[in-house]
Amino acid sequence: MRSSRLSAPERRAAVVETACRVFAKSSYHGSTTAQIARETGVTEPVLYRHFSSKRELYLVCLGVAWDRLRALWEKALASEPDPSAWLGTLGKTYLQARAADRVIVVDLWIQALTEAADDPEIRRGLREQVREVHDFVAGVIRRSQEAGGVRPERDADAEAWIFISLGLLTTIDRRLGNLVGDEFDDIVASRRTWMTGKHA
């Protein structure tokens, strides 16, 4: 990349793009600003003109990853007319985007968990984002209930936490080499029946 031809906003965006990929594939401690700068095609001093610290860059990556996922979810929901399929649509969209390396939210969460105990800023940023994702999912569940897609007696807040836990399980499964295996499809089918009253 010829960074000299990029505007300052373009250069900043390129640094974030590279950093998100590097953090997700390595770790917060295992990644360096020198590596991120090198892979972006800029110098470390240029990187530090845009970000005061590795922590700041990491928190920006968390935000960018969630913004991308939310945009994909909103687009997928807009094209799904069946409210009983909305929650499943969120899950499928996440898995498809993750397989294409376009969304790395949960990967960054896994990384951030190891930092959260020692770094209050990362802990606060992670807590706020997980809560925001939860509230988005709970909102989708409530809209589905209002439209008759999800059984009205289901607790939207509790079910949103379970949905997030399944997202974490997919990442654990992938990192441990297919730990859950074919059982994951059965889990999803069971959850759909529980939520909608419909059998897959």
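Scroll up a little and you will see the structure.
Since this is a predicted model, take the numbers as computed values, not measurements.

Draft legend 1. The arrangement of helix α5 (residues 86-99) in detail. Between its first and last C-alpha, α5 extends 20 Å over 14 residues, near the 20 Å set by a 1.5 Å rise per residue. Each element contacted by the buried residues of α5 is listed here: α4 (54-78), α6 (105-116), α7 (120-146), α8 (156-175) and α9 (183-196). D101 lies just past α5 and shows a positive phi near 60°.

Draft legend 2. Expanded view of the packing of aromatic side chains. According to the stated counting rule, one finds seven aromatic pairs in the structure shown. With centroids separated by 4.8 Å and ring planes inclined at 85°, the aromatic side chains of F23 and Y58 adopt a geometry described as edge-to-face. Taken together, the residues F23 in helix α1 (residues 8-25) and Y58 in helix α4 connect sequence positions 35 residues apart. Each member of the pair F23 and Y58 is classed as buried. Between W66 and F136, the aromatic rings sit 5.8 Å apart at their centres with planes inclined by 85°, giving edge-to-face as the arrangement. Placement of W66 in helix α4 and of F136 in helix α7 is noted, with a sequence separation of 70 residues between them. Accessibility assignment for this pair places W66 and F136 in one class, buried. Pairwise contacts between aromatic rings join W66, W73, F136 and F163 into one cluster. Sitting over the ring of Y28, K54 keeps its end group 4.6 Å from the ring centre.

Draft legend 3. Looking closely at the pattern of salt bridges. Per the stated rule, a full pass over the model turns up 14 salt bridges. Bridged by salt links that share partners, the residues R98, D107, R174 and R175 form one connected network.

Draft legend 4. Molecular detail of the packing of α1 against helix α2 (residues 33-40). The contact between α1 and α2 brings their axes to 9 Å, and the two run at 125°. Overall, the two elements α1 and α2 adopt an arrangement that is oblique. Crossing angle aside, the handedness with which α1 passes α2 is right-handed. Residues A14, V15, T18, A19, R21, V22 and F23 of α1 form the contact with α2, whose participating residues are Q35, I36, E39 and T40. For the contact of α1 with α2, the per-class residue count stands at six nonpolar, three polar and two charged.

Draft legend 5. Highlighting a negative patch on the surface. There is a patch of like negative charges on the surface, built from D182, E183, D185 and D186. Tracing the backbone shows D186 in helix α9.

Draft legend 6. Unusual backbone geometry, seen in detail. Located in the positive-phi region is N178, a residue other than glycine, with phi close to 65°. Locating N178 in the fold gives a position in the loop between α8 and α9.

Draft legend 7. Geometry of α7. The first and last C-alpha atoms of α7 sit 39 Å apart over 27 residues, in line with the 39 Å expected at 1.5 Å per residue. Between a side-chain oxygen at the N-terminus of α7 and the backbone nitrogen of E121 the separation is 3.0 Å; the capping residue is D119. Just beyond α7, the residue with positive phi is G148, at close to 85°.

Draft legend 8. Representation of the side chain of E159 in the model. Looking at where E159 falls in the secondary structure, it is placed in helix α8. Look past the residues within four positions of E159 in its chain and what remains in contact with it is I141, R154, R191, W194 and M195.

Draft legend 9. Inspection of the packing of α4 against α7 at higher detail. Here α4 crosses α7 at 5°, and the two axes come no closer than 10 Å. The orientation of α4 with respect to α7, classified from their angle, is roughly parallel. Facing R55, Y58, L59, L62, G63, W66, R70, W73, E74 and L77 of α4, the residues of α7 in contact are E121, I122, G125, Q129, E132, V133, F136, V137, V140 and R143. The residue makeup of the contact of α4 with α7, split by class, is 11 nonpolar, three polar and six charged.

What counts and what doesn't
- Residues numbered from 1 in each chain as written.
- Predicted model: local features only at pLDDT ≥ 70, side-chain atom pairs only at ≥ 80, totals over all residues.
- Heavy atoms only, no water.
- Helix = DSSP H or I, 4+ residues; strand = E, 2+ residues; numbered from the N terminus.
- Expected span 1.5 Å × (residues − 1).
- Contact = heavy atoms within 4.5 Å.
- Phe/Tyr/Trp six-rings, centres within 6.5 Å; stacked < 30°, edge-to-face > 60°.
- Buried < 20%, exposed > 50% of the residue type's maximum accessible area, 1.4 Å probe, protein only.
- Lys NZ or Arg CZ within 6 Å of the ring centre and 35° of its normal.
- Salt bridge = Lys/Arg side-chain N within 4 Å of Asp/Glu carboxyl O.
- Axes fitted to C-alpha atoms, helices over the stretch in contact; angles between N-to-C directions.
- Parallel < 35°, antiparallel > 145°, perpendicular 65-115°, else oblique.
- Left-handed = near helix turned anticlockwise from the far one by under 90°.
- Nonpolar A, V, L, I, M, F, W, Y, C, P; charged D, E, K, R; others polar.
- Patch = residues over 30% accessible without salt bridge, like charges linked within 9 Å, V, L, I, M, F, W, Y side chains within 5 Å.
- Areas by Shrake-Rupley, 256 points an atom, 1.4 Å probe, with all protein chains shown as cover.
- Lys, Arg positive; Asp, Glu negative; His and termini not counted.
- Charge placed at Lys NZ, Arg CZ, Asp CG, Glu CD.
- Polar contact = N/O pair within 3.5 Å; in protein donor to acceptor, adjacent residues only side chain to side chain.

Remember, this is a structural readout, not a statement about activity or role.
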